[in-house]
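Chain and residue survey
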Amino acid sequence: MSSFSWWITCCLPFLSAVSGTVTRRDGLDNTRAAVDAMMMLYDETTGLWDPNNTGSSWWQSGVALWVLADYMLQSGSRDYLAQAKNTVELQRAPLNWWPEGGGDFRADSTDDTGWWALAMASMYELTGDEEYLDIAREDEAYMFNYWNTTTCGGGLIWNIPNGTYHNAISNELYLELTAKLHNLIPGDTLYLTRSLREWAWFNNSGMINGEHLVNDGLTDDATCANNGDTTWTYNQGVILGGLVELSKATGDATYLDTARQIASAAIASTALVQDGVLSEPCASEEECEPNGTAFKGIFSRELGKLDAALDDHPYKLFLTSNAETAYVHARNASDFYGFLWQGPLDNVTIGTQEAAVGLLLAAYLLV
């Protein structure tokens with residue numbers, strides 16, 4: 001029996017029993033309320049969300065902008081377009097800790113650049129303003145500068161100052177970004193070539209383990225082997241978005257087959273799903289801070305994109321059930337969400353809130 005078949009046998013009856021209690025209209029209202037609450041964490045002066053959370057506010061604000069732009073795209077709302085534009089204007093300045101990047105979200109790590117670049121692509125889709133597309137292209141070129149030509153047969157490195165670490169998330173973000181740019185730019189060949197090159201490298205790198213889950217990266221020695229580090233939810237997620245975009249770019253449905261294999265393995269993993277509820281390998285919010293609180297929402301959004309691309313929509317029930325669980329058990333009266341979607345409600349940060357928005361967006365708006 002495959003891992004996904006096991007999940008269907010084990011958990012689908014439970015999910016069917018608890019799902020279906022929220023109408024589509026209620027779901028849209030719940031999503032809007034979570035977005036409104038997320039904007040309560042927004043600081044007009046800096047253009048950041050939760051700016052006092054200095055350990056993760058910058059990259060998580062990139063994710064918040066990405067999810068906000070996608071929410072506006074899917075819902076038709078433009079309520080927070082002014083704030084989105086404000087964030088770009090303020091945060092595109094050179095970074096205090098990495099002026100070498102020259103601004104436009106070119107950071108000291110390729111993954112931080114990638115989050116903002118995908119947000120710029122969504123801002124272009126939302127507004128049609130070529131300036132956002134130009135920034136996304138600039139960020140792609142910056143990331144490509146750190147394609148390794150000396151070790152591991154290629155791949156992006158993560159840590160720019162040290163020139164080290166082939167990690168999963170940087171390469172997954174680059175895959176999604178290049179395929180997305182190809183799909184946005186008529187007649188493109190450059191970004192498709194780079195996207196195909198990225199996937200060929202990633203697929204052969206060994207980062208996808210024997211259980212079809214993605215570990216954190218490769219060892220830093222000459223073997224360039226899978227390092228066996230944590231299978232974070234977002235590492236299972238961004239690869240799905242990249243493969244969806246690549247399938248759209250090429251018309252090749254086998255990329256969706258690979259994405260389905262990874263997604264089904266993630267849902268069947270007892271490390272990532274507890275009693276039907278998406279969970280993180282770190283056991284508590286304290287363990288997962290400052291970064292890990294956002295990961296589940298990233299996985300959920302990308303799973304929603306995959307589900308929308310598949311005719312049988314195999315993950316819709318999982319997403320709606322998790323959304324209902326989080327709404328009941330992880331939310332307060334002000335529509336702020338905590339880290340543990342199964343509850344109890346704990347601390348609220350931009351990471352926990354944007355994760356909830358990503359989940360609700362996938363459950364109710366991505367169709």
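A few points on the structure. Every value quoted in this text rests on a predicted model; they were computed, and no experiment measured them.

Parameters at a glance
- Residues numbered from 1 in each chain as written.
- Predicted model: local features only at pLDDT ≥ 70, side-chain atom pairs only at ≥ 80, totals over all residues.
- Heavy atoms only, no water.
- Salt bridge = Lys/Arg side-chain N within 4 Å of Asp/Glu carboxyl O.
- Helix = DSSP H or I, 4+ residues; strand = E, 2+ residues; numbered from the N terminus.
- Buried < 20%, exposed > 50% of the residue type's maximum accessible area, 1.4 Å probe, protein only.
- Phe/Tyr/Trp six-rings, centres within 6.5 Å; stacked < 30°, edge-to-face > 60°.
- Lys NZ or Arg CZ within 6 Å of the ring centre and 35° of its normal.
- Expected span 1.5 Å × (residues − 1).
- Disulfide = S-S within 2.5 Å.
- Core = buried A, V, L, I, M, F, W, Y, C linked by side-chain atoms within 4.5 Å.
- Contact = heavy atoms within 4.5 Å.
- Polar contact = N/O pair within 3.5 Å; in protein donor to acceptor, adjacent residues only side chain to side chain.
- Axes fitted to C-alpha atoms, helices over the stretch in contact; angles between N-to-C directions.
- Left-handed = near helix turned anticlockwise from the far one by under 90°.

Before going further, it helps to examine the pattern of salt bridges. As enumerated under the stated definition, the model contains 13 salt bridges in all. Lys180 is the partner of Glu245 in a salt bridge, and the nearest nitrogen-oxygen pair spans 3.4 Å. With Glu245 in helix H9 (residues 233-250) and Lys180 in helix H7 (residues 168-184), this pair connects stretches of sequence that are 65 residues apart. Assessed through its relative accessible area of 10%, Glu245 is described here as buried. Taken together, the salt bridges that share partners define one network made up of Arg25, Asp29 and Arg32.

Our next topic: the packing of aromatic side chains. On inspection of all chains with the given rule, the structure shows 15 aromatic pairs. Their ring planes at 45 degrees and their centres at 6.3 Å tell us that Trp59 and Phe295 sit as a pair that is tilted. Here Phe295 lies in helix H12 (residues 295-309) and Trp59 lies in helix H3 (residues 57-75), a separation of 236 residues in the sequence. By the ring-pair criterion, three or more aromatic residues cluster together here, those being Trp59, Trp66, Trp115, Trp232, Tyr234 and Phe295. Over the ring of Trp66 we find Arg301; its NZ or CZ atom is 4.2 Å from the centre of that ring.

Secondary-structure assignment places Glu302 in helix H12. Taking relative accessible area as the criterion, Glu302 reaches 0% and is therefore assigned buried.

We now examine helix H13 (residues 316-329). Here H13 is 14 residues long and its end C-alpha atoms lie 20 Å apart, about the 20 Å a rise of 1.5 Å per residue gives. Within H13, the full set of buried residues consists of Phe318, Leu319, Thr320, Ser321, Asn322, Ala323, Glu324, Thr325 and Ala326.

What follows concerns the state of the cysteines. In total, this model carries two disulfides according to the counting rule given. Each bonded cysteine of the protein chain gets a number by its place in the sequence, and the pairs then read 1-2, 3-4.

Our next topic: the nonpolar core. With 117 residues, the main nonpolar core has Trp49, Trp115 and Met120 as its most contacted residues. Every residue in contact with Trp115, bar those within four places of it in the chain, is listed here: Trp59, Gly62, Val63, Trp66, Ile169, Leu173, Tyr234, Val238 and Ile298.

This brings us to the side chain of Asp335. Along the polypeptide, Asp335 turns up in the loop between H13 and helix H14 (350-364). Here Arg331 takes part through its side chain, which lies 3.2 Å from a polar atom of the side chain of Asp335. Beyond its immediate stretch of four places on either side in the chain, Asp335 contacts Ala33, Ala34, Ala37, Tyr327 and Gln353.

With that settled, the discussion passes to the packing of H3 against H12. Contact geometry for H3 and H12: axes closest at 12 Å, N-to-C directions at 30 degrees. At the point where H3 passes H12, the crossing takes the left-handed sense. Between H3 and H12, the residues in contact are Trp59, Val63, Trp66, Val67 and Asp70 and Phe295, Ile298, Arg301, Glu302 and Lys305, respectively.

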